[in-house]
Amino acid sequence: MDGTMRDSLHDTDLTSAPGAEVGGPSAVLARLEEFYDAVPRFSAAAEEHGPFTLFVRTGPGWHYYGRPTLGGDGPFTVADVDRVRARQRELGAPESFEWVHETSPGLRAAIEASGLEVHEHPLLVLELDGPSTAAPAAEDGPEVRVLTTDDPLLPSAVAVPHLAFAEPGTEVGEAGPEQLAEATRTAIADGQVTRMIGRMEAGRTVVAAMAGPDGLAIASGCHQPVGEVSEVVAVATLPSQRRQGLARRVTAHLVEHARATGIRTVFLSASDGAVARIYENVGFRRIATALIAEPAAEAATS
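Residues numbered from 1 in each chain as written. Predicted model: local features only at pLDDT ≥ 70, side-chain atom pairs only at ≥ 80, totals over all residues. Heavy atoms only, no water.

A. Representation of the overall build of the protein in the model. Looking only at helices and strands, the protein has nine helices and eleven strands in total. When contacts within the protein are restricted to residue pairs at least 6 apart in sequence, those whose partners lie at least 24 apart make up 75%. Only carbon and sulfur atoms are counted for the fraction: they give 53% of the accessible area of the protein, which is about 12,700 Å². (Helix = DSSP H or I, 4+ residues; strand = E, 2+ residues; numbered from the N terminus. Contact = heavy atoms within 4.5 Å. Areas by Shrake-Rupley, 256 points an atom, 1.4 Å probe, with all protein chains shown as cover.)

B. Looking closely at the environment of Ala93. Tracing the sequence through the fold places Ala93 in the loop between α2 (78-91) and β4 (97-100). For the pair formed by Ala93 and Tyr64, sequence separation is 29 residues and the distance between their alpha carbons is 7.8 Å. Apart from the residues lying within four places of it in its own chain, the contact partners of Ala93 are His63 and Gln88.

C. Summary view of helix α1 (residues 26-38). In this model α1 runs 18 Å from its N-terminal to its C-terminal C-alpha over 13 residues, within 8% of the 18 Å that 1.5 Å per residue would give. Those residues of α1 not exposed but buried are Val28, Leu29, Leu32, Glu33, Phe35, Tyr36 and Asp37. (Expected span 1.5 Å × (residues − 1). Buried < 20%, exposed > 50% of the residue type's maximum accessible area, 1.4 Å probe, protein only.)

D. Spotlight on the nonpolar core. If you look at the biggest cluster of nonpolar residues, it comprises 26 residues, and the most contacted ones within it are Val250, Tyr279 and Phe284. For this core, the secondary structure elements donating two or more residues are β5 (117-127), β7 (206-211), β8 (217-226), β9 (229-237), α7 (246-260), β10 (265-269) and α8 (273-280). Sort the elements by how many residues they give to this core and α7 lands first, with seven residues. Apart from the residues lying within four places of it in its own chain, the contact partners of Phe284 are Leu124, Val125, Leu126, Val232, Thr251, Val255, Val266, Phe267, Leu268 and Tyr279. Ala157, Ala159, Ala217 and Leu238 belong to the second-largest nonpolar core, a separate cluster that totals 25 residues. (Core = buried A, V, L, I, M, F, W, Y, C linked by side-chain atoms within 4.5 Å.)

E. Summary view of unusual backbone geometry. In this model, Gly74 is joined to Pro75 through a cis peptide bond whose omega is 0 degrees. On the secondary structure map, Pro75 appears in the loop between β3 (66-68) and α2. Located in the positive-phi region is Ala234, a residue other than glycine, with phi close to 55 degrees. In the Ramachandran plot, Arg243 falls in the positive-phi region, its phi being about 70 degrees despite a non-glycine side chain. By secondary structure assignment, the location of Arg243 is in the loop between β9 and α7.

F. Main features of the pairing of β5. The pairing of β5 with strand β11 (residues 285-294) spans nine bridges and is antiparallel. In the sheet register, Val118 faces β11, and the bridge partner there is Ala293. Across five bridges, the pairing between β5 and β10 is antiparallel. Across the sheet, Glu127 pairs through a bridge with Thr265, a residue of β10. (Pairing = 2+ DSSP bridges.)

G. Here's a closer look at the side chain of Ser230. Considering the arrangement of structural elements, one finds Ser230 in strand β9. Here Ser230 falls in the buried class, since its relative accessible area comes to 0%. Here His223 takes part through its side chain, which lies 2.7 Å from a polar atom of the side chain of Ser230. For Ser230, the contacting residues outside a window of four places in its chain are Phe35, His223, Gln224, Pro225, Ile263, Thr265, Val266 and Phe267. (Polar contact = N/O pair within 3.5 Å; in protein donor to acceptor, adjacent residues only side chain to side chain.)

H. Spatial organisation of the environment of Thr58. Here Thr58 shows up in the loop between β2 (52-57) and β3. Classification of Thr58 as exposed rests on a relative accessible area of 60%. Taking the C-alpha atoms as reference points, Thr58 and Phe42, separated by 16 residues in sequence, lie 9.5 Å from one another. With residues near it in sequence (within four places) discarded, Thr58 still touches Ser43, Ala44 and Ala45. Within the structure, Thr58 has its side chain in polar contact with the backbone oxygen of Ser43 (distance 3.2 Å).

I. Spatial organisation of the pattern of salt bridges. Counted according to the given criterion, the structure contains 17 salt bridges. Where Arg67 meets Glu33, a salt bridge forms, and the shortest distance between an N and an O atom there is 2.9 Å. Highlighted residues: Arg67 in strand β3 and Glu33 in helix α1, separated in sequence by 34 residues. Comparing Arg67 with Glu33 shows no difference in burial state: the two are buried. (Salt bridge = Lys/Arg side-chain N within 4 Å of Asp/Glu carboxyl O.)

This is the structure in structure tokens:
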């Protein structure tokens, strides 16, 4: 879960309830904690505040969050949460926290007592040590490809998730090629594409996408490798193109790229249970619950 790169898989061919929750081994959750601690440090400074680490961005891009300090186990108090929130307000950063419930089970009560709203997201993992368990990708339809920094598809691939986030859910939406062309121009103008190129050149992000008939991306997604672990993020379909299995195909392609480049563990946090089911059909299994806390919508706008 990485700022605006938090996952939002908006495809639609599998919308039934998720399968039974599976408890994940502590070793896997420990690897994920190391990943969560490492990723923000590439572009943020880490401040220690009691049992929390607050990541403060050091340049352009998205704001980060507070999370339990790696290796710590609390206890967490309302006063601890309030101090981090005060520092976030001082910095002009969102008052947000991210953590895994099963790793820090005592944190939620303190967060809620501080007045923040907690959102639950299924946390899913796919181990890549064995043979592929992914469902076969459809052969028909546009080709999915991993993009290079000079690929003409990259700007629109960066823009697609923003349109998908604006029309959440899994039903076919309104935004189509015209809106994507405008969003692509915006992504170029405000530096989103340049920042993505920097991440790609540093080896921190791999982008996959497929092109529509007009040469713009109709679905895209990323994985973010650190060592032998990678997180799948920002998988999205252009709203007008949903319900064709496109996001599932992008996800499967990202998984196979991760496997081919030495990644052992791929994980993601799904937006909800229905979306988690799509990932389960690419071989993922649910092991825990990722939590995001932020002010309630009415408080944030008051």
